[in-house]
Amino acid sequence: MSRIRSSQFQAKVMSAADAAMFIHNGDNIGASGFTGAGYPKVLPGALADRINEAHARGEEFSVGLLTGASTAPEFDGVLAETGGVSYRMPYQSDPSMRKAIDQGITGYNDIHLSHSGPQVRQGFQGNLDVALIEVTAITEDGELVPSSSVGNNNVFLECADRVILEVNTWQSEDLEGMHDIFYAPMMPPNKVPIPILHPGDRIGEPNLRVDPDKVVAVVETHDPDRNTPFKPLDEDSKAIAGHFLDFLMNEVKQGRIPKNLLPLQSGVGNIANAVLAGLLDSDLEDVVSLTEVIQDGMVDLIDSGKLSVVSGTAFSLSPEYAEKMNDNAGFYRKYIVLRPQEISNNPEVIRRLGAISCNGLIEADIYGNVNSTHIMGSKMQNGIGGSGDFTRNAFISSFVTPSVAKGGDISCIVPMVSHHDHTEHDVMVVITEQGVADLRHLPPRKRSRLIIEKCAHPDYRDQLLDYVERAEKTSSLHTPHDLREALSWHVRFLETGTMKA
């Protein structure tokens, strides 16, 4: 049976190559996709062929790409390799796209995920010419059943001049009913309160709306989401997870949070997923999550009975767990709510529900500032994503990382971060395999000693202490720094390949 249950939309079915003809040079494209889930699978390749053919004729052809977050090589990668992506926002993780950004081919705007939808509505991102949206099905009434991510899809469908739909039969039909799309005025002065009192509250509609007159093409696909497997838990990951759990249990003991914690948020990646895995061995029950991505560890927590509900905007599952979700979506939709990212990452909701955030980083400095986006201050890695939405507004904000990288040649604890994403004002807790630094009650001079003692690798502690002592002799000011020496840590690595003295 066709997933396209509306005769009006059946009349618009065509090939990806034909659909791509509706995209023109200079267009801004708003596309579905969030952390490798729910992105268009075949249209990007067809568009890339158009761009390459135009370039071969000596003609200009470039587009701007707006998404929910990262996609996959079939989207970001294939388009970046054409050299025809002039603009990209808000988050990406593809190596080819990263290369185009760092080479100056693609202008990249790294903005908070909660800001991206409203900026599209406000027109700050330019006119939205085309929306490319993957869906699971189209109902008889012309509503769109979302697939494995929501992201900014509701905004793109609302704002785009033209809409192209990919109906992906690989996505489980049982995803229908898992989503919660809040349709209400979302722009000042008419913006309304978001009536979420608990992560499991459903406040909207199960499907997406679209003006059928804007839909110019429908393409049928049967292609899986593509995510890489998570790395097996190593001893450092287990230690970080253990320290995080011990910290939370002490918060319970001190009476600062309830025994089943507060809503948990977990960032993307191996370390964050390892922290979730660590909760499996705890005595916790009836845990809830208010987050943006649902990873393997959260599926395991649902299976164990420890996680009663999780609210997010997308899956970020390994291939094994993506298949598991597809096979059992009818079961998991009782525990999972997928929302637009302007709701999942909404600062007011995060703060009011008291989320406990846990995100990764590239480096943290001795005063609690965090760099989560740039290598050596200039080279773009992935982007800030939703970490800022949660860090700034969390009841408790934490960052987790191994203390060293590159086989020990880089210390992830440095005198001064080479790029600021999260300032000391927002970072409450830093955790490595070495231990926990709770910074909530400390001025800068005490923070520096605690982070070095609890979080820095032993191979770098003496160097860091030496830096602090000399900086304090040089400056009697609030946050003592020897700027020349602080920068030398990064210069040393660029020149020798190691930060070790």
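Data block above holds the structure.
This text gives an overview of the structure that appears in the document. (Residues numbered from 1 in each chain as written. Predicted model: local features only at pLDDT ≥ 70, side-chain atom pairs only at ≥ 80, totals over all residues. Heavy atoms only, no water.)

## A word on helix α10 (residues 296–304)
Consideration 1: For α10, every residue scored as buried is listed here: D296, G297, M298, V299, L301 and I302.
Consideration 2: Looking at the residues trailing α10, positive phi occurs at G305, about 85 degrees. (Buried < 20%, exposed > 50% of the residue type's maximum accessible area, 1.4 Å probe, protein only. Helix = DSSP H or I, 4+ residues; strand = E, 2+ residues; numbered from the N terminus.)

## Quick notes on the sheet that holds strand β17 (residues 370–371)
Consideration 1: Overall, mixed pairing links the 3 strands, which are arranged β17-β16-β23 in an open sheet. Single-partner strands in this sheet number two, and they are β17 and β23 (413–414).
Consideration 2: The pairing of strand β16 (residues 363–365) with β17 spans 2 bridges and is classified as antiparallel. Residue pairing for β17: A364 is matched across the bridge by V370. (Pairing = 2+ DSSP bridges.)

## Structural notes on the packing of aromatic side chains
Where two aromatic rings form a pair, the distance of their centres and the angle of their planes describe that pair.
Consideration 1: On inspection of all chains with the given rule, the structure shows 3 aromatic pairs.
Consideration 2: Summarising the aromatic geometry, the rings of F331 and Y332 are spaced 5.0 Å apart at their centres and angled 70 degrees between planes, so their arrangement reads as edge-to-face.
Consideration 3: Using a relative accessible area of 35% as the deciding quantity, one classes F331 as partly exposed.
Consideration 4: Residue classification places Y332 among the buried residues on the basis of a relative accessible area of 2%.
Consideration 5: Where F331 meets Y335, the ring centres are 5.2 Å apart and the plane angle is 50 degrees; that geometry is what we call tilted.
Consideration 6: By relative accessible area, which is 24% here, Y335 ends up partly exposed.
Consideration 7: Three or more aromatic residues joined by ring pairs make a cluster, and in this case those are F331, Y332 and Y335.
Consideration 8: One residue, K12, lies across the ring of F9, its end atom 6.0 Å from the ring centre.
Consideration 9: Across from the ring centre of Y39, 4.1 Å away, lies the NZ or CZ of K41, which sits over that ring. (Phe/Tyr/Trp six-rings, centres within 6.5 Å; stacked < 30°, edge-to-face > 60°. Lys NZ or Arg CZ within 6 Å of the ring centre and 35° of its normal.)

## Overview of the pattern of salt bridges
A pair can form between side chains of opposite charge whenever their charged atoms are brought close.
Consideration 1: All told, the structure shown has 26 salt bridges when counted by the stated rule.
Consideration 2: Measuring nitrogen to oxygen at the nearest pair gives 2.7 Å for the salt bridge that ties R162 to D27. Here R162 is found in strand β7 (residues 162–168), whereas its partner D27 is found in the loop between α2 (16–20) and β1 (28–31), with 135 residues between them in sequence. Note on accessibility: R162 and D27 belong to one class, buried.
Consideration 3: The salt bridge partner of R470 is D466, with a shortest N-O separation of 2.9 Å. Here the residue R470 and the residue D466 both occupy positions in helix α17 (residues 458–474), the gap between them amounting to 4 residues, near one helical turn.
Consideration 4: Of the residues examined, R470 reaches a relative accessible area of 32% and is grouped as partly exposed.
Consideration 5: By relative accessible area, D466 is classed as partly exposed at 34%. (Salt bridge = Lys/Arg side-chain N within 4 Å of Asp/Glu carboxyl O.)

## Focus on helix α16 (residues 444–454)
Consideration 1: Of the positions making up α16, those classed as buried are P444, R447, S448, L450, I451 and I452.
Consideration 2: Close packing links the buried residues of α16 with β16, β23, β25 (435–438) and α17. (Contact = heavy atoms within 4.5 Å.)

## Regarding the pairing of β25
Consideration 1: Relative to β25, strand β24 (residues 429–432) runs antiparallel, the two sharing 4 bridges. Bridge pairing in β25 places T432 opposite G435.
Consideration 2: Hairpin connection, β24 to β25: the antiparallel pair is bridged by 2 residues.

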